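One letter stands for each residue in the lines below.
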Protein chains: 2
Amino acid sequence: MKRYAQLAATLGERIEQGLYRPGDRLPSVRALSEEHGVSISTVQQAYRVLEDSGLVEPRPKSGYFVPERRELPPMPAMTRPAQRPVDVSQWDQVLEQVRRAPGGDFVQLGRGTPDIASPSLKPLQRAMVHAARRTDLQSLGYEGIQGSLALREQIARLMLDSGCQVPPSEIVITTGCQEALAITLRAICEPGDIIAIDSPSFHGAMQALKAYGLKALEIPTDPTNGISLEALELAMEQWPVKLILLTPNCNNPLGYIMPDARKRALLTLAARYDVPILEDDVYGELAYAYPRPRSIKSFDTDDRVLLASSFSKTVAPGLRTGWVVPGRYLDRILHFKYIASGTCAPQPQMALAEFVGGGHYEPHIRRMRAQYQRHRDLMTEWVGQSFPSGSLVSRPRGGFMLWVELHPQFDSVRLNQELRRDNVQVAAGNIFSASGKYRNCIRLNYSNRDLPVIEAAVRKVGACAARLTAELHEHAEEPLPA
Amino acid sequence: MKRYAQLAATLGERIEQGLYRPGDRLPSVRALSEEHGVSISTVQQAYRVLEDSGLVEPRPKSGYFVPERRELPPMPAMTRPAQRPVDVSQWDQVLEQVRRAPGGDFVQLGRGTPDIASPSLKPLQRAMVHAARRTDLQSLGYEGIQGSLALREQIARLMLDSGCQVPPSEIVITTGCQEALAITLRAICEPGDIIAIDSPSFHGAMQALKAYGLKALEIPTDPTNGISLEALELAMEQWPVKLILLTPNCNNPLGYIMPDARKRALLTLAARYDVPILEDDVYGELAYAYPRPRSIKSFDTDDRVLLASSFSKTVAPGLRTGWVVPGRYLDRILHFKYIASGTCAPQPQMALAEFVGGGHYEPHIRRMRAQYQRHRDLMTEWVGQSFPSGSLVSRPRGGFMLWVELHPQFDSVRLNQELRRDNVQVAAGNIFSASGKYRNCIRLNYSNRDLPVIEAAVRKVGACAARLTAELHEHAEEPLPA
């Protein structure tokens, strides 16, 4: 670890342990420089890292302070899905969400689109123009089935940050993370197989289970620590689980980061039952704290973990460029990749290789992390102000999604119907469950850089949710029909 | 039909019926104008169409002539695959073919890449630059799941040429034709199902059967008229066929166009057994004769045909943009499209909508048809000169692939191994059969505009094939081991 990163980690720990408290002034740059025997610029760099993580805030001419802590809404409790394998339902809700092309006045708080309007993506647009203009016309032909080597080299380099040493020859480029998940499921499972998943869980993965005739065994999941290992162990004792599928870092939709100790424990458990793990790391790079969390794959010593990821959340979804690190399943994955869509488009791969290789990825991702963290705090505030009292709100440590749990009888599908006239859409909670649980929850996207737009939209959602909740209370007070 | 097209069809018929013979001078433009009561420019346009189809050749200052016919090598006979459902094999050969990225001195006569260096694609490159530069950043975000409406409108317009009237709302954009085939197979079939296919048949479709646990029932196929309806009927009497999968127009690899009467008869047969048809039309636009052949879908009155196609062969494979017209299966296809790879990349769709909508597609495709037809004649000549005598050669009526059948004991897999030192690759015939038949055949791509390069490569293949065939004859003459 570099000096400034080490210093940032030390200071961050002191703040989190309460050594410096909200509102406290932190030591001056000069004082820290003397205390730690490092240069002024190293301390400044460390403070910038902490600022990006939201742990300190600079005040002009006064130095760095620990930000005042606002009253946060309470978090949801551990989830309690059905503890048996079930067929996945809810396709209609998902279809409604993905059918509409973006644009116009419609605010899609429900989709997983990152901020694609950041000025830090300008070099990407330039790279796309370069790729389109190339006189060797490579962007018009077929690539090799495993994808561009130049891009795989960059991905291998980026993966070092998550603790993974993977050679480019073990990476397969896919059409977004969705194809990585879909071909992995097909390569490993047979119809009827049981897949253990965190719950709530990404609907795209769950719909793939549905399409392939696989059964979802939803495991209770804690909004702070992730999947319950205790519940998972019980489930694995009881059922022949074929694969464990989860998103341990900056989870979608809950936003938690699974602690490293639990990642290791999960591996031990999977080894005991000799079950592979499919790790969805698509949001992992968007953790607010630096350095980014380690992947489960980075602790994997017996090649049990298949890691799926993409540039869709970190850079731009329209590139449709993801990857899978399939370990011992490389040959089968190549076969399924070939039959699923053949080779991937060369042009986005060239553009990404130029963008990442040219050093534009790191500053972009630092900027996005800081922006998303700020937006998380703002949206949490707006939800606290406009949603019915008693709403429970997740506390994401990365990504750009907030999860809100409402009154137990609340109907988020009806909420979405009502919101149509407001030109707003949220993600109804039930699409994140195989059996339609979480219908009283919603997921909100806070990536959009146009804050007044999302503030207005969130307040509309809050007002509508409050109206529907009031109706619930009225009905509860009505005398039962004779 | 327009006047010039009508006139071209009339003249074309007279030539094919032998009314004008090879070497004959055709009537002058003025004479035809008077005979048919049409304008000079209409006759000139008709002659241009016939010239593009290779039916006439202009001689400076002398008028139009019927080209001298060269001695053509004999064509292969009706194929005779195993007449029972089999599991698909041969993945290793396919993998070897698709693993290598293009470039360098290596000549890939084995892959299905069209000519992407044509000047008529310049407007496409410009359109890609426009899409990358768009300030609304649409090319970076998610599209709707069904794909760009602007592009679907253009596809609907193009499909009129094949006799199909399909509204844009019934078209689903896919990641190339391969994804269209893969999701259709998954949407209609269950593991263990039997699929009747023409034989030889495209390896990408066949590998999809393999990956999904489907069985291939290969039907004898005639290199001139396509799949044997008689054999198909017998097969359907005997086996519970779930789907008929075929490429009736400019077939890959045989190059035939199934006559319209047989397309209708196929539909009648499919209706009798109530079986859907998956029609691969990916080469249909590349028929040498004008107008392009009708699709089976265009005769379909009870919504039995799913049509899959793409811009990979007509424009550029690197765009990875195809489509499926799923008829009554629209909802299921959307589900499988969603789980397979989510939405398609917007940028190539925008570029294609601009390219096609801007009127650049038609002149490009006319140019390609003429080029591929010329190349077919040249490659047929080179094969005739350099391949062992007795080789049988297909007579493609569209596309850019030649099929060559060699000595019955010839081993095209070994040929490919030997060709590595020559930096040439062909497609070994056995990958076009579920059971590894056609190992004595090869498929050669003649799209490349750099004629000296492909001529040299074909002559190397011919020399190598001749050497291996001579070895076969030597061994045949050796006394049997005691």
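Per an unreviewed UniProt entry, chain A goes by PLP-dependent aminotransferase family protein and derives from Pseudomonas nicosulfuronedens. What the UniProt record of chain A gives under Sequence similarities (unreviewed entry) is the line "In the C-terminal section; belongs to the class-I pyridoxal-phosphate-dependent aminotransferase family."

Here the residue pair Asn252 of chain A and Pro253 of chain A is connected by a cis peptide bond, since its omega of 15° sits within 30 degrees of zero. Its place among the elements puts Pro253 of chain A in the loop between strand E9 (241-246) and helix H10 (260-272). Positive phi is not limited to glycine here, since Arg320 of chain A has a value of about 45°. One can find Arg320 of chain A in the loop between strand E11 (305-310) and strand E12 (322-325). You can call Arg320 of chain A buried: its relative accessible area is 8%. The backbone of Leu137 of chain B shows a phi angle near 60°, a positive value even though the residue is not glycine.

Right, let's talk about the pattern of salt bridges for a bit. On inspection of all chains with the given rule, the structure shows 52 salt bridges over all chains. Measuring nitrogen to oxygen at the nearest pair gives 3.0 Å for the salt bridge that ties Arg304 of chain B to Asp274 of chain B. With Arg304 of chain B in the loop between strand E10 (277-280) and strand E11 (305-310) and Asp274 of chain B in the loop between helix H10 (260-272) and E10, the pair connects residues that are 30 residues apart, well separated along the chain. A salt bridge links Arg414 of chain B to Glu418 of chain B; the shortest N-O distance between them is 3.6 Å. In this pair, Arg414 of chain B and Glu418 of chain B both sit in helix H14 (residues 412-419), four residues apart, roughly one turn of the helix. The class for Arg414 of chain B is partly exposed, based on a relative accessible area of 32%. Taken together, the shared-partner salt bridges connect Arg414, Glu418, Arg421, Arg467 and Glu471 of chain A into one network.

A word on the packing of aromatic side chains. All chains considered together, the criterion is met by 17 aromatic pairs over all chains. Taken together, a centroid distance of 5.5 Å and an interplanar angle of 35° make the contact between Tyr338 of chain A and Trp91 of chain B tilted. A residue pair is termed interchain when its members come from two chains, as with Tyr338 of chain A in helix H11 (residues 330-341) and Trp91 of chain B in helix H4 (residues 91-99). The burial state of Tyr338 of chain A is the same as that of Trp91 of chain B; both residues are buried. For the cation-ring pair, Arg59 of chain A lies above Phe65 of chain A, with the distance from its terminal atom to the ring centre recorded as 4.0 Å. For Arg186 of chain A, the ring lying beneath its charged end belongs to Tyr212 of chain A, and the centroid distance is 5.4 Å.

Attention now moves to helix H14 (residues 412-419) of chain A. The α-helix advances 3.6 residues per turn, and as a result positions three or four apart in sequence lie on the same side. All names here are of chain A. Burial of H14 is extensive: six of the eight residues sit out of reach of the surface. Taken as a whole, H14 has its buried residues at Ser412, Val413, Leu415, Asn416, Glu418 and Leu419. N-cap assignment for H14: the residue whose side-chain oxygen lies 3.0 Å from the backbone N of Val413 is Asp411.

Another point: the domain arrangement of chain A. Residues and elements named next belong to chain A. Taken domain by domain, chain A consists of domain 1 (3-65), domain 2 (91-114 + 363-477) and domain 3 (119-357). Averaged C-alpha coordinates put domain 2 and domain 3 at centres separated by 25 Å. Counting from both sides, the interface comprises 31 residues of domain 2 and, opposite them, 32 residues of domain 3. It is His364, Arg369 and Arg397 in domain 2 that bury the most area against domain 3; as a group they hold 26% of the surface buried on that side. Here domain 2 and domain 3 share zero salt bridges between them. Taken together, the connections running from domain 2 to domain 3 amount to 16 residue pairs in polar contact (both at pLDDT 80 or more). Among the elements of the structure, helix H4 (91-99), helix H13 (361-386) and strand E14 (401-405) are those that each provide at least two residues to the side of domain 2 that touches domain 3. Looking at the side of domain 2 that touches domain 3 element by element, the count peaks at eight residues for H13. Of the residues assigned to the side of domain 2 that touches domain 3, the class counts are 15 nonpolar, ten polar and six charged.

This part is about the sheet that holds strand E4 (residues 172-174) of chain B. Strand pairing in a sheet is mediated by backbone hydrogen bonds. Such pairs are either parallel or antiparallel. All names here are of chain B. Ordered in space as E4-E12-E11-E10-E9-E5-E6, the seven strands form an open sheet in which the pairing is mixed. Only two strands of the sheet have a single partner each, and these edge strands are E4 and strand E6 (215-219). Mean inter-strand twist for the sheet, computed between neighbouring axes without regard to direction, equals 25°. With four bridges connecting them, strand E5 (residues 194-198) and strand E9 (residues 241-246) associate as parallel partners.

Our focus in this paragraph is the relation of the copies chain B and chain A. Of the transformation placing chain B onto chain A, the axial shift is 0.0 Å and the rotation is 180°, giving an RMSD of 0.1 Å. Such values leave the two copies arranged in the relation of a two-fold axis. Relative to the rotation axis, the C-alpha of Val129 of chain B is the closest in chain B, positioned 2.5 Å from it. Of the interface residues in chain B, 100% have counterparts in chain A that sit at the interface too, so the contact is made through matching surfaces.

Moving on, we come to the state of the cysteines. What is meant by a disulfide is a covalent connection between two cysteines, made through their sulfur atoms. Enumeration according to the criterion identifies zero disulfides over all chains in this entry. Cys344 of chain A forms no disulfide, and the closest cysteine sulfur to it belongs to Cys344 of chain B, at a distance of 11 Å. Among the cysteines around Cys164 of chain B, which has no disulfide bond, Cys177 of chain B carries the closest sulfur, lying 14 Å off.

A separate point is the nonpolar core. Grouped together as the largest cluster of nonpolar side chains are 239 residues, with contacts concentrated most on Leu109 and Leu124 of chain A together with Leu109 and Leu124 of chain B. The contact partners of Leu109 of chain B, leaving out residues within four places of it in the chain, are Met379, Val424, Gln425, Val426, Arg443, Leu444, Asn445, Ile454, Ala457, Val458 and Val461 of chain B.

What follows covers the interface of chain B and chain A. Each side of the interface is counted separately: chain B has 64 residues, and chain A has 64 residues. Considering only the surface of chain B that becomes buried against chain A, Leu140, Tyr142 and Tyr338 of chain B emerge as the three largest contributors, covering 17% of it. Secondary structure elements with two or more residues in the side of chain B that touches chain A: H4, helix H5 (122-133), helix H7 (176-188), helix H8 (203-211), helix H11 (330-341) and helix H12 (346-357) of chain B. Among the elements that make up the side of chain B that touches chain A, the one with the highest residue count is H11 of chain B (nine residues).

A separate point is the packing of helix H6 (residues 149-159) of chain B against H12 of chain B. Residue and element names in this part refer to chain B. Between H6 and H12, the shortest axis-to-axis distance is 8 Å and the interhelical angle comes to 40°. With respect to each other, H6 and H12 are oriented oblique. Note that H6 runs across H12; the crossing there is left-handed. Here Ala150, Leu151, Gln154, Arg157 and Leu158 of H6 come into contact with H12, specifically with Gln349, Leu352, Ala353, Val356 and Gly357.

Further remarks concern helix H7 (residues 176-188) of chain A. With 13 residues, H7 of chain A ought to run about 18 Å at 1.5 Å a step, and its terminal C-alpha atoms sit 19 Å apart, in line with that. With 13 of 13 residues buried, H7 of chain A lies mostly within the body of the structure.

So, on to the environment of Asp161 of chain B. Inspection of the secondary structure assignment puts Asp161 of chain B in the loop between H6 and E4. Between the alpha carbons of Asp161 of chain B and Ser298 of chain B there is a distance of 9.9 Å; along the sequence they are 137 residues apart.

Bringing the pairing of E12 of chain A into the picture now. Residue and element names in this part refer to chain A. Both faces of E12 are covered, namely the face carrying Gly322 and Val324 and the face carrying Trp323 and Val325. Here E11 runs beside E12; their pairing, made up of four bridges, is antiparallel. Its bridge partner lying in E12, Ser309 is registered against Trp323.

Attention now moves to the sheet that holds strand E16 (residues 427-428) of chain A. Residues and elements named next belong to chain A. Reading across the sheet, the four strands line up as E13-E14-E17-E16 and stay open at both edges, with antiparallel pairing between neighbours. Whereas interior strands pair on both sides, the edge strands pair on one side only; in this sheet they are strand E13 (392-393) and E16. Here E14 pairs with strand E17 (residues 441-445) via five bridges, running antiparallel. By the bridge assignment, Glu405 is partnered in E17 with Cys441. Where H13 meets the sheet, its contacts fall on E13, E14 and E17, and the angle it forms with E14 comes to roughly 25°.

Below, the discussion takes up the pairing of E9 of chain B. Residue and element names in this part refer to chain B. Counting buried positions along E9 gives five out of six residues, so the element sits mostly inside the fold. The pairing of E9 with E10 spans three bridges and is parallel. Within the sheet, the bridge partner assigned to Leu245 lies in E10 and is Leu278.

What counts, and at which threshold
Residues numbered from 1 in each chain as written. Chains lettered and ligands numbered in written order. Predicted model: local features only at pLDDT ≥ 70, side-chain atom pairs only at ≥ 80, totals over all residues. Heavy atoms only, no water. UniProt positions renumbered as here; feature names shortened; annotations may be inferred. Helix = DSSP H or I, 4+ residues; strand = E, 2+ residues; numbered from the N terminus. Buried < 20%, exposed > 50% of the residue type's maximum accessible area, 1.4 Å probe, protein only. Salt bridge = Lys/Arg side-chain N within 4 Å of Asp/Glu carboxyl O. Phe/Tyr/Trp six-rings, centres within 6.5 Å; stacked < 30°, edge-to-face > 60°. Lys NZ or Arg CZ within 6 Å of the ring centre and 35° of its normal. Polar contact = N/O pair within 3.5 Å; in protein donor to acceptor, adjacent residues only side chain to side chain. Domains from an automatic or database assignment. Contact = heavy atoms within 4.5 Å. Buried area = accessible area lost by both parts, 1.4 Å probe. Nonpolar A, V, L, I, M, F, W, Y, C, P; charged D, E, K, R; others polar. Pairing = 2+ DSSP bridges. Axes fitted to C-alpha atoms, helices over the stretch in contact; angles between N-to-C directions. Least-squares fit on C-alpha atoms with pLDDT ≥ 70 in both. Disulfide = S-S within 2.5 Å. Core = buried A, V, L, I, M, F, W, Y, C linked by side-chain atoms within 4.5 Å. Parallel < 35°, antiparallel > 145°, perpendicular 65-115°, else oblique. Left-handed = near helix turned anticlockwise from the far one by under 90°. Expected span 1.5 Å × (residues − 1).

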